[in-house]
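Residue-level listing of the chains:
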Amino acid sequence: MSQSAPQHIHAEELATVEPGGEWHPKIVAFLCNWCSYAGADLAGVSRLQYGPNVRIIRVPCSARVNPQFIMKALQNGADGVLVSGCHPGDCHYISGNLVARRKFTLTKRFLEFFGIEPERVQFSWVSASEGGRFSELMNRVIADVKRVGPARRLVKNLP
Amino acid sequence: MDRATIRKEDIPKLKGEGKFFAPGRKAGDATAFVELVEEPAEILYEYGNVRVPLKQVFFPQTEVLCEYDFDEITEVPLPTESIVVFGARPCDTRALAQLDAVFSPEYKGHPDPYYLRRRENSVVIALACSLPCGSCFCTVTGGGPADREGADILAHELGAAEPGAAKPGAAGSGDTLLFEALTDKGRALLEAHGELFAEAQAGQIETAQKAAAAAEAKVRELNDLGVDLGAELDALKRNMDPLFEDSRWSGLTDSCIGCGACTYLCPTCYCFDIADESRLYKGRRIRTWDSCQFPLFTRHASGHNPRTNKKERLRQRFMHKFSYAVENNEDVLCVGCGRCITACPVNLDIRDVIRAFAKGIQSEHVSQ
Amino acid sequence: MDSRTEEIRQAARKLFAEDKIDLFIGFEAGTLPLRSRPCFISAREAGEDGAVERLVWDSFCANNLAAYLQKYHENEPNRRKPREKPYPRIGIAAKACDLRSIVALTKERQVQRDSLVVVGIPCRGMIDRRKVEAAAAAGAAADSAGGSAHPGPGGAPVEILAHRESEDGVLEVTLRGGQTLSWPREEVLQACCLECRLPAPEGADVVVSGEARKPGDGGYARIQEFEAKSLEERWEYFRGELARCIRCNACRQACPTCWCKECFAEQTDLKWIGVGTEPSDTMFFQIIRIFHQAGRCVECDACYRACPMGIDLRLYTKKIVKDVEEAFGYLPGFDPEAAPPLTTFSEKDTDSFITDPDKPAGAGGDGAGAGPAGHETHAKGH
């Protein structure tokens, strides 16, 4: 059973420290196409500011997000991962986010049990009309990740 | 000098410029050859055999071969530091001799520089067994608890209890070891650290020899499998291959769950995988241990897999050890250490296989 | 040997005699002390002298035999035609945990329950070989006069040459050198058995006599204690345990509910993790492998027993079992109709893990089970 790959993160973009400068976190955000991605788009069109630290990956539904995506992002050097979908009850595919909700409940608790900082892996519901909410959410996540510093625990150091 | 005694507390001083490996405890009963870096070094003596075998030192489980960045390839330089290993049981050093043969230039013309470089720069000090375990069958494969093949020095604990002694766990008692140099490298090590050694007394040599003989007798008593594989190489070459289609293989392999514990803990198993790990344009090429027990081991790029079930895979393991290796290398690729038996989650026992086929293996002229 | 050995043999004989099974999977004596091992008897062999007499039942029958069943029910990949050959009829000696695994596999369509005859054994708990070895080392060290000049951590090696379990539940071992030590079996039982909440197999086709042990409390206290530690302490513990993982896959292979023909760890068309012992890869493997057991793990501890390096996997399997039970009220049990928790949902499922930007700043959401009580979901229009 093969799974299609999430869009590539370019290696150069994973260098999170500017030469001589301060560290900027790199956040990978998995946004569901119908709500959260549209919400992010609305934030952009409305010129609502949020940190440039986010790399967005569009998925059809939050249920598409496999915990392995989150682990892989952390392994590849992401400092934080956000997964955002439609509000429960509003899923474009009716119940995708409702099943995902159970998966994410377990993922969140499980990763923290191992010692992964809870600030690094966050989940949210953002609808297509909530551009403001999206930008606030991003700024909040960026601030949280800044507080816990660069991710080191699961990073796989390749040349 | 060829024989000398040394105190246990002086062993870490044999380190030299490079690395020093000795048995250490990772957790519970999981032991391995660990690099001693702290002073004073804590060497573990109380062990039957180290769980992760000696091959780990010379053939590490994960090894980076080269790194690449788009079209630029940087080979990882071969290690140059010297290696001293202390405390390998004679079964493990005998296994090392078998790995030497497989990785050497003479074997099908493909020398393994990573392994060979480490071996060239190493001195291996074996530690003879005085208390063989119930799962040891080194004598069946042509070895023994004080076997001399593969090591540069053979050490004996003086004052260790005899097998069957009332005092359990007396291996590790006594604070002096007798060192017997077996190769030029061994002799050179003894000379380089002359101040740590004292001349061996005749009485000490005799004690060591008696302990070795008693241990060997004990192993033979514990594990009589009906055939002496070490002496039956010609018979194995003739008789093992036709046993490929024998109907008994199913029964012997039914309970296997297909994990790789036996192969990874086997001191003579050497199969490896080479994989590239990259992140877009940059990456590295690594070599890792692989196991013929994994279903994907023989999967072809086409998707076809000639060994689809565990009977075929487990049969392959035994045939490699008792048939193909004998043809290719004039040696049974098993040293009777028994790790596969103790590690197997379902207690599959290679001795059952040997016993089952013993009659078929034996030379016709040997009386039953 | 447990008195039920003869009952199990009788059950097997009867099933073969009545041509109800083609194969019986049980346990036989092992080749090492403190081991009993899986035993396969085919209908053809059953007629031979001594075949069924290989079967035993004792306190060392810990393996989860359900792990073998999926292979017998495999179909060819991409099979469009219905299967022509009937599934083999298999009799299996099952403890309660084994039966719960069989039920889990049935729900996942990996075994055909009606081609199995489950001989259920009310379980008294299985002895932990590692506990016995440790107790023997400690006991021998205490007894031996003088002891060794260089005592190592963990004590001197003792070799257990034989064991005997008495009718009244005392395990006696004989060490090399003749010394014998004994303990009441409760002292050396597996931790999972001491904590087991469901020791009686329900829904077995044949039930052997005897009373199961009293249910334990599930052992969740250990998880709570661990969660009270700091994040750094938990990470250090995990990293330390996993440092000795050799990726042998014994944990995965021993697990009855790890049945994927291609494990995520081996995928190459999309490479999640490498094949070596890089710590990031070994940790990824364990986190996800155990996560995949959510709603399916019966805490048989097969993974923990199989691990040749003694890694503390059971801490993490217990965590996923606890979380599933607390969040969804589900424990994998004997009811084949109970829907696995991740195949369904409830409108009332908690949102406590969500980061709500309207709430005051702080750690996002749930944390380790303790967090803001699930708040109302934001439905459209509110």
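What you see is a predicted model; the values in this text were computed from it and never measured.

Colleague: Can you break down the overall build of chain A residue by residue, with the values?
Modeller: The number of helices and strands found in chain A is 4 helices and 4 strands. Reading chain A from its N end, one meets helices and strands in the order β-α-β-α-β-α-β-α. Looking at chain A residue by residue over its 159 residues, the buried ones come to 59%.

Colleague: So what's going on with the overall build of chain B? Which residues, and what values?
Modeller: Counting its regular elements, chain B contains 11 helices and 12 strands. Against the globule reference of 21 Å for 368 residues, chain B gives a C-alpha radius of gyration of 21 Å, in line with a compact fold. Taken along the three principal axes of its C-alpha coordinates, chain B extends 65 × 65 × 40 Å. A buried classification covers 50% of the 368 residues belonging to chain B.

Colleague: Can you lay out the environment of Pro215(C) for me, pointing to particular residues and giving the numbers?
Modeller: Residues and elements named next belong to chain C. Among the structural elements, Pro215 can be located in the loop between strand S8 (206–207) and helix H7 (220–227). The spatial distance from the C-alpha of Pro215 to the C-alpha of Asp312 is 23 Å, given a sequence separation of 97 residues. Apart from residues no more than four positions distant in its own chain, Pro215 is found in contact with Cys196, Arg197, Leu198 and Pro199.

Colleague: Residues and numbers for the interface of chain C and chain A, please.
Modeller: Contacts between the two partners involve 45 residues from chain C, matched on the other side by 46 residues from chain A. Looking at the side of chain C that touches chain A, the elements with two or more residues in it are helix H8 (231–242), helix H10 (279–291) and helix H12 (314–328) of chain C. The dominant element in the side of chain C that touches chain A, judged by the number of residues it contributes, is H10(C), at 7 residues. Here the side of chain C that touches chain A is built from residues that sort into 26 nonpolar, 9 polar and 10 charged.

Colleague: Give me the packing of H8(C) against H10(C): which residues, what numbers.
Modeller: Residues and elements named next belong to chain C. Relative to each other, H8 and H10 sit at 105°, their axes nearing to 10 Å. By the angle class used here, H8 and H10 are roughly perpendicular. For the pair H8 and H10, the contacting residues are Phe238, Arg239 and Leu242 in the first and Pro279, Thr282, Met283 and Gln286 in the second. Looking at the contact of H8 with H10 residue by residue, the classes come out as 4 nonpolar, 2 polar and 1 charged.

Colleague: Mind laying out helix H11 (residues 350–361) of chain B, listing which residues take part and the relevant values?
Modeller: Helical geometry: 3.6 residues make up each α-helical turn, so side chains three or four residues apart lie on a common side. Residues and elements named next belong to chain B. Taken as a whole, H11 has its buried residues at Ile350, Val353, Ile354, Phe357 and Ile361. Summarising the axial view, the buried residues of H11 lie within an arc of 95°, below the 170-degree limit, and thus occupy one face. Looking at the packing, one finds that the buried side of H11 touches helix H6 (233–239), helix H7 (248–253), helix H9 (310–329) and helix H10 (339–343).

Colleague: Quick one: what's the story with the sheet that holds S8(C), residue by residue and with numbers?
Modeller: Residues and elements named next belong to chain C. The 5 strands are arranged S2-S1-S3-S4-S8 in an open sheet whose pairing can be described as mixed. Taken across any chain shown, the strands that pair with only one partner, and hence form the sheet edges, are strand S2 (36–42) and S8. Where strand S3 (residues 90–94) lies against strand S4 (residues 116–120), 5 bridges are found, and the strand directions are parallel. Counterpart to Ile90 in the pairing with S4 is Leu116. Sheet strands touched by helix H1 (residues 4–17): strand S1 (23–29), S2, S3, S4 and S8. Its angle to S1, the strand with the most contacts, is close to 155°. Sitting on the sheet, helix H4 (residues 96–107) is in contact with S3 and S4, with an inclination near 155° to S4.

Colleague: Run through the pairing of S3(C), naming residues and quoting values.
Modeller: All names here are of chain C. With 5 of 5 residues buried, S3 is to be regarded as a mostly interior element. Residues Ile90, Ile92 and Ala94 of S3 are buried on one face, and the alternating residues Gly91 and Ala93, pointing to the opposite face, are buried as well. As a crossover connection, the stretch from S3 through H4 into S4 is right-handed.

Colleague: Outline the environment of Gly338(B), supporting the account with residue identities and numerical values.
Modeller: All names here are of chain B. Structurally, Gly338 is set in the loop between H9 and H10. For Gly338, a count of 23 C-beta atoms within 10 Å translates into the label buried. In this structure, the C-alpha to C-alpha distance between Gly338 and Cys133, residues 205 residues apart in sequence, is 8.7 Å. Excluding residues that lie within four positions of it along the chain, Gly338 makes contacts with Cys133, Ser135, Cys136 and Phe137.

Colleague: Residues and numbers for the pairing of strand S12 (residues 282–289) of chain B, please.
Modeller: Residue and element names in this part refer to chain B. In this sheet, S12 lies alongside strand S4 (residues 62–69) in antiparallel orientation, the contact comprising 7 bridges. Across the sheet, the residue bridging to Glu63 is Arg287, located in S12. Sheet analysis places strand S11 (residues 272–279) next to S12, joined by 8 bridges and oriented antiparallel. Paired with Asp273 across the two strands is Thr288, which belongs to S12. Between the end of S11 and the start of S12, which pair antiparallel, lie 2 residues, with Leu280 showing a positive phi angle near 60°.

Colleague: Tell me about the sheet that holds S12(B), and name the residues and values.
Modeller: Residue and element names in this part refer to chain B. Taken in spatial order, the 4 strands make up an open sheet running S5-S4-S12-S11, and their pairing is antiparallel. Whereas interior strands pair on both sides, the edge strands pair on one side only; in this sheet they are strand S5 (72–75) and S11. Averaged over all neighbouring strand pairs, the angle between strand axes comes to 25°, with direction disregarded.

Colleague: Please provide a residue-by-residue account of the packing of helix H3 (residues 96–114) of chain A against H12(C), values included.
Modeller: It is the contact of H3(A) with H12(C), at a shortest axis distance of 10 Å, that shows an interaxial angle of 140°. Compared by their axis directions, H3(A) and H12(C) come out oblique. Considering only the axes of H3(A) and H12(C), their crossing is right-handed. Judged by residue contacts, Arg102(A), Thr105(A), Leu106(A), Arg109(A), Phe110(A) and Phe113(A) of H3(A) engage Lys319(C), Ile320(C), Asp323(C), Val324(C), Ala327(C) and Phe328(C) from H12(C).

Conventions and cut-offs
Residues numbered from 1 in each chain as written. Chains lettered and ligands numbered in written order. Predicted model: local features only at pLDDT ≥ 70, side-chain atom pairs only at ≥ 80, totals over all residues. Helix = DSSP H or I, 4+ residues; strand = E, 2+ residues; numbered from the N terminus. Buried ≥ 20, exposed ≤ 12 C-beta atoms within 10 Å, placed from the backbone. Rg over C-alpha atoms; globule rule 2.2 N^0.38 Å. Contact = placed C-beta atoms within 7 Å. Nonpolar A, V, L, I, M, F, W, Y, C, P; charged D, E, K, R; others polar. Axes fitted to C-alpha atoms, helices over the stretch in contact; angles between N-to-C directions. Parallel < 35°, antiparallel > 145°, perpendicular 65-115°, else oblique. Arc of directions from axis to C-beta. Pairing = 2+ DSSP bridges. Right-handed = clockwise from strand over helix to strand, strands pointing away. Left-handed = near helix turned anticlockwise from the far one by under 90°.

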